[in-house]
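# A look at the structure
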Amino acid sequence: MPVARLVWSPELLQYDFGHGHPMAPARLDLTMRLAAELGLLDSPDLDVVAVRPAPDAVVETVHDPAYVAAVRRADAEGVADPARGLGTEDDPVFPGMHEAAARLVAGSVDVAEAVWRGAAAHGLNIAGGMHHARRDAASGFCIYNDAAAAVQRLLDLGARRVAYVDLDAHHGDGVEQIFWDDPRVLTVSVHQDGHTLFPGTGGPADVGGAGAEGTAVNVALPPRTAGPAWLRAVDAVVPAVLREFRPDAIVSQHGADAHARDPLSDLRVSVDAQRTAAQWVHALAHELSDGRWVALGGGGYAVVDVVPLAWSALVAEALHTPLPRGTELPEHWRGVVEEVSGLEAAGRLGRGEVEFRPWRDGYDPADDVDRAVLATRRHVFPLWGLDPHHD
Ligand SMILES: [Zn+2]
Ligand SMILES: [Zn+2]
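Since the model is a prediction, treat every value here as computed from it, not as a measurement.

Turning our attention to the coordination of the zinc ion (ligand 1). Listed as protein donors to the zinc ion (ligand 1) are H122 (NE2), H282 (NE2), H286 (NE2) and H320 (NE2); their distances from the metal cover 1.9 to 2.0 Å. Because the angles between the 4 donor atoms bound to the zinc ion (ligand 1) fall within 98 to 127°, the donor set is best described as tetrahedral. Linear spacing of the donor residues for the zinc ion (ligand 1) on their chain is H-x159-H-x3-H-x33-H. One end of the pair, H122, is in strand β3 (residues 122–125); the other, H286, is in helix α8 (residues 271–288), with 164 residues separating them in the sequence. On the accessibility criterion, H286 (41% relative accessible area) is partly exposed.

Laid out in structure tokens, this is it:
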């Protein structure tokens, strides 16, 4: 069995809101070029598969049929439907929008199914991770929620419990909302505080609906949180609740927009910190879920010097061949980047700080990251029989 299955074909670049929109398809193109030049795509342990757009029946596992019909209509007629979030500044209508968004859904569902059936240990869809889309509306560059569709497919195939871990700078509100009342799905989102960033939700007191208390977990971090503090927060919450929840599979979203150079967030999480967190999620999948791990992309708007590095590292991690810190980036790739973007390409994978102080060493009530982490632990940990104050 191949270690990992990666969804890729150039049609995925058709998810394109147009020139000047932050979610530029170049981020995927440059990632795949880098992954190729690092030799990752030649690995005998990797299956690369193309997918067709998901049929409506699949999209409708997590969306209202009326919304899918509205997307098709807006696409065909080129008209806005602002009540459903279509034709807004964030989500402009573009030709082929329905098929492009449905292809992302098909990709995440494909790898979820492959992982569940044992066709691969790990599944990757870097074009996916559209975590803001709601059952009945587009939001925040997200038309259809492929992440939720992957979770739903795992449930439909027989998973009793699925954990969703969202490491994007923005709250994973769409996925959380779709499974708000479902005790079979644990959503954990670590993000910049909604008081300071879109979509404005994801406070520590939001713990899930009636009968599902504790299955929504939100860590809302202050702006400027840096890599080591971010890792401290992830480590202080994610492993403990996942171990209590005991998922049959883990779906994770690796939006790379928590980086300091990202133009849309105010966090300062290095590529190295991001890939450290990805390593942890991977290890938790082996510890708790027989390795069943679906890793998705997400946000990420520093499309030249952050996203390709973060997601190539993610692919390497899923192949069990993690890239060493400071890996030199191929000269040819750097040339392509400079030609395409006019910007200077990064020379190496980062060497960001990944040492952090674990929670068991105590917390500092004067530290705003620690206060944010403690708020989450106070709201959620007692629901799982865990001690909010001490590990
Ligand atoms: Zn593995
Ligand atoms: Zn984001």
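For the rest of this paragraph, the subject is the sheet that holds strand β7 (residues 249–253). A sheet is described by the order of its strands in space; here 8 strands give the open sequence β2-β1-β3-β8-β7-β4-β5-β6, paired in parallel fashion. Of all the strands in the sheet, just β2 (46–49) and β6 (216–221) have a single pairing partner and so form its edges. For this sheet the average axis-to-axis angle between neighbouring strands, irrespective of direction, equals 15°. Here strand β4 (residues 162–166) pairs with strand β5 (residues 185–192) via 5 bridges, running parallel. By the bridge assignment for β5, A163 is matched with L186. Set on the sheet, helix α4 (residues 97–117) makes contact with β1 (4–7), β2, β3 and β8 (293–296); between it and β3 the angle comes to about 175°. Along the sheet, helix α9 (residues 307–318) contacts β1, β3 and β8; its crossing angle with β8, the most-contacted strand, is approximately 170°.

In this section: empty space enclosed by the protein. Once rolled over the atoms, a probe with the size of a water molecule shows which space is left empty. A full pass over the atoms with the stated rule returns 3 cavities of 30 Å³ or more. When its volume is computed, the largest cavity comes out at roughly 80 Å³. As for the largest cavity, its lining consists of L167, W230, H254, G255, Q274, R275, A278, A310, W311, A313 and L314. Those elements that place two or more of their residues in the lining of the largest cavity are α8 and α9. Its residues assigned to classes, the lining of the largest cavity comprises 7 nonpolar, 3 polar and 1 charged. Of the voids in this model, the second largest cavity is the one considered here, and its volume is about 60 Å³.

Take the coordination of the zinc ion (ligand 2) next. Put simply, the ideal angle at a metal is 109.5 degrees for four donors in tetrahedral geometry and 90 or 180 degrees for six donors in octahedral geometry. Here the zinc ion (ligand 2) is held by the protein donor atoms D168 (OD), H170 (ND1) and D257 (OD), which lie 1.9 to 2.1 Å from it. Linear spacing of the donor residues for the zinc ion (ligand 2) on their chain is D-x1-H-x86-D. We note that D168, like H170, is buried.

Further remarks concern the side chain of T215. You can see T215 is positioned in the loop between β5 and β6. Classification of T215 by relative accessible area gives buried; the value is 5%.

Where helix α3 (residues 65–77) meets α4, the closest approach of the two axes is 8 Å, and the angle between their N-to-C directions is 135°. With respect to α4, the axis of α3 lies oblique. Note on element contacts: α4 touches α3 through M97, H98 and E99, opposite V68, V71, R72, A74 and D75. The residue makeup of the contact of α3 with α4, split by class, is 4 nonpolar, 1 polar and 3 charged.

Another aspect to go through is unusual backbone geometry. For the bond from F198 to P199, the omega torsion is 0°, close enough to zero to count as cis. Looking at the secondary structure, you find P199 in the loop between β5 and β6. Even without a glycine there, the phi angle at F141 is positive, about 75°. Turning to its location among the elements, F141 is positioned in the loop between β3 and α5 (146–156). Judged by its relative accessible area of 8%, F141 is buried. With a phi close to 55°, D290 is a non-glycine residue in the positive phi region. With a relative accessible area of 66%, D290 lands in the exposed category.

Here we take up the pattern of salt bridges. Following the criterion strictly, the structure yields 18 salt bridges and no others. Across the salt bridge formed by D248 and R160, the nearest N and O atoms sit 3.1 Å from each other. Linking D248 in the loop between α7 (227–245) and β7 with R160 in the loop between α5 and β4, this pair joins segments that are 88 residues apart in sequence. When its relative accessible area of 8% is taken as the criterion, D248 is described as buried. For R160, a relative accessible area of 54% puts it in the exposed group.

This part covers the side chain of D173. Among the structural elements, D173 can be located in helix α6 (residues 173–178). Among residues more than four places away in sequence, those in contact with D173 are H131, H132, R134, P199 and T201.

Let's shift gears to the layout of surface pockets. Roughly 170 Å³ of volume is contained in the largest pocket. Forming the boundary of the largest pocket are 19 residues, of which H132, F141, H170, F198 and Y301 lie nearest the centre. Here the residues of the lining of the largest pocket are counted per class, giving 8 nonpolar, 8 polar and 3 charged.

Conventions used here
- Residues numbered from 1 in each chain as written.
- Chains lettered and ligands numbered in written order.
- Predicted model: local features only at pLDDT ≥ 70, side-chain atom pairs only at ≥ 80, totals over all residues.
- Heavy atoms only, no water.
- Donors = N, O, S within 2.8 Å, 3.2 Å for Na, K, Ca; no water.
- Tetrahedral: all angles 85-135°; square planar, octahedral: opposite > 155°, others 65-115°.
- Helix = DSSP H or I, 4+ residues; strand = E, 2+ residues; numbered from the N terminus.
- Buried < 20%, exposed > 50% of the residue type's maximum accessible area, 1.4 Å probe, protein only.
- Pairing = 2+ DSSP bridges.
- Axes fitted to C-alpha atoms, helices over the stretch in contact; angles between N-to-C directions.
- Contact = heavy atoms within 4.5 Å.
- 1 Å grid on protein atoms, 1.4 Å probe; cavity = no way out; pocket = protein on both sides within 12 Å on 5 of 7 lines; lining within 4 Å.
- Points joined across faces, edges and corners; volume = space filled by probe spheres on them.
- Nonpolar A, V, L, I, M, F, W, Y, C, P; charged D, E, K, R; others polar.
- Parallel < 35°, antiparallel > 145°, perpendicular 65-115°, else oblique.
- Salt bridge = Lys/Arg side-chain N within 4 Å of Asp/Glu carboxyl O.

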